[in-house]
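Letter by letter, the chains look like this.
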Amino acid sequence: MSMPSPFARSTAFDEPRLSGRSQTIEEMYSVPESFLEIEVRNPQTHGFGRKMFTDYEIVTKTNIPAFKLRHSVVRRRYSDFEAFRDILERESTRVNIPPLPGKVFTNRFSDEVIESRREGLERFLTVVAGHPLLQTGSKVLCAFLQDPAWDKQQWL
């Protein structure tokens, strides 16, 4: 009994997997059924001396019904992200919440550090907001991303 060669050409991929119908242009380029886009941008540093801090603009675009607005822009500082993450961990015990980018103690207002943190915060929000349980069932997620008057005290 001869075994087929592991290098022989397979025909498994030659046939269409679903129906034999091609996608239409409308199907390829229409708005997906549900989408959530988050961008963290435009960091701004405020204050002087020991009272300095940087905040970041969060732009959210979505058509998910759990969100009140289709497009929103809010500003948050790192301490807001820390409080948000703590609240999420308490609220969502079945979901593993990823870590935030680490605290920086030297040169924390340099362009490189601010950009690195911005990228890390955007990654964090993308992962958190991409989780189906949080996307549809977390009131704090929607508020953090869309409410300009968000206050951690109302969630503690």
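Relevant structure appears above.
Source: prediction; values computed, not measured. (Residues numbered from 1 in each chain as written. Predicted model: local features only at pLDDT ≥ 70, side-chain atom pairs only at ≥ 80, totals over all residues. Heavy atoms only, no water.)

Novice: Teacher, can you tell me more about the packing of helix α3 (residues 111-130) against helix α5 (residues 139-146) here?
Specialist: Each packed pair of helices is defined by two parameters, the angle between the axes and the distance between the axes. One way to put it is that α3 packs onto α5 with a least axis distance of 11 Å and a crossing angle of 140°. Between α3 and α5, the interaxial angle falls into the category oblique. The way α3 lies across α5 gives a crossing that is left-handed. For the pair formed by α3 and α5, the contact residues are Leu125, Val128 and Ala129 on the first element and Leu141, Phe144 and Leu145 on the second. When the residues that make up the contact of α3 with α5 are grouped by side-chain class, the tally is 6 nonpolar, no polar and no charged. (Axes fitted to C-alpha atoms, helices over the stretch in contact; angles between N-to-C directions. Helix = DSSP H or I, 4+ residues; strand = E, 2+ residues; numbered from the N terminus. Parallel < 35°, antiparallel > 145°, perpendicular 65-115°, else oblique. Left-handed = near helix turned anticlockwise from the far one by under 90°. Contact = heavy atoms within 4.5 Å. Nonpolar A, V, L, I, M, F, W, Y, C, P; charged D, E, K, R; others polar.)

Novice: So what exactly am I meant to see when it comes to the sheet that holds strand β1 (residues 36-46) here?
Specialist: Picture the strands of a sheet paired through backbone hydrogen bonds; they go either parallel or antiparallel. Taken in spatial order, the 3 strands of this open sheet run β1-β2-β3, and their pairing is antiparallel. The two strands at the open ends of the sheet, each matched to only one other strand, are β1 and β3 (71-77). Strand-to-strand twist in this sheet, taken as the mean axis angle between neighbours without regard to direction, amounts to 20°. As paired elements, β1 and strand β2 (residues 53-62) share 9 bridges and run antiparallel to each other. The residue bridging Thr45 from the neighbouring strand is Thr54, located in β2. On the sheet, α3 packs against β1 and β2 and is oriented at approximately 150° with respect to β1. Packed on one face of the sheet, α5 meets β1, β2 and β3 and runs near 90° to β3. (Pairing = 2+ DSSP bridges.)

Novice: Is there a simple way to think about the layout of surface pockets in this case?
Specialist: Over the atoms rolls a probe the size of a water molecule, and its path tells where empty space is left. As a volume, the largest pocket reaches approximately 300 Å³. As for the largest pocket, its lining consists of 15 residues, of which Phe53, Tyr78, Lys103, Arg108 and Arg117 are closest to the centre. Elements that contribute at least two residues to the lining of the largest pocket include exactly β2, α2 (78-91) and α3. Its residues assigned to classes, the lining of the largest pocket comprises 9 nonpolar, 2 polar and 4 charged. (1 Å grid on protein atoms, 1.4 Å probe; cavity = no way out; pocket = protein on both sides within 12 Å on 5 of 7 lines; lining within 4 Å. Points joined across faces, edges and corners; volume = space filled by probe spheres on them.)

Novice: Looking at this structure, how should I read the pairing of β3?
Specialist: On a regular strand, one side chain projects to one face of the sheet and the next to the other, so that they alternate. Residues Ser72, Val74 and Arg76 line the buried face of β3, whereas the alternating positions His71, Val73, Arg75 and Arg77 sit on a face that is not buried. Bridge count between β2 and β3: 7 bridges; the pairing is antiparallel. The partner of Asp55 across the bridge, within β3, is Arg77. (Buried < 20%, exposed > 50% of the residue type's maximum accessible area, 1.4 Å probe, protein only.)

Novice: For this particular structure, what's the right way to read α3?
Specialist: Because an α-helix completes one turn every 3.6 residues, residues spaced three or four positions apart along the sequence face the same direction. A rise of 1.5 Å per residue sets the reference length of α3, with its 20 residues, at 28 Å; its end C-alpha atoms lie 28 Å apart and thus fit the reference within 8%. Within α3 the residues assigned to the buried category are Ile114, Arg117, Arg118, Gly120, Leu121, Phe124, Leu125, Val128 and Ala129. (Expected span 1.5 Å × (residues − 1).)

Novice: It is not clear to me how the pattern of salt bridges should be interpreted in this structure. Could you clarify?
Specialist: When the charged atoms of two side chains lie near each other, side chains of opposite charge can form a pair. Using the criterion set out here, one finds 7 salt bridges in the structure. In this structure, Arg41 and Glu57 form a salt bridge, with 2.6 Å as the shortest nitrogen-oxygen distance. Of the two residues, Arg41 is situated in strand β1 and Glu57 in strand β2; the sequence distance between them amounts to 16 residues. Overall, the relative accessible area of 13% leaves Glu57 in the buried class. Put simply, Glu57 and Arg75 hold a salt bridge, and the shortest N to O gap is 3.8 Å. (Salt bridge = Lys/Arg side-chain N within 4 Å of Asp/Glu carboxyl O.)

Novice: I'm lost on the nonpolar core in this one. Help?
Specialist: Soluble globular proteins tend to pack their nonpolar side chains together in the buried interior. Counting 30 residues, the largest nonpolar core has Ile58, Phe84, Leu125 and Leu145 as its most contacted members. The set of elements that each furnish at least two residues to this core consists of β1, β2, α2, α3 and α5. Excluding residues that lie within four positions of it along the chain, Phe84 makes contacts with Phe124, Leu125, Val128, Val140, Leu141, Phe144 and Trp150. (Core = buried A, V, L, I, M, F, W, Y, C linked by side-chain atoms within 4.5 Å.)

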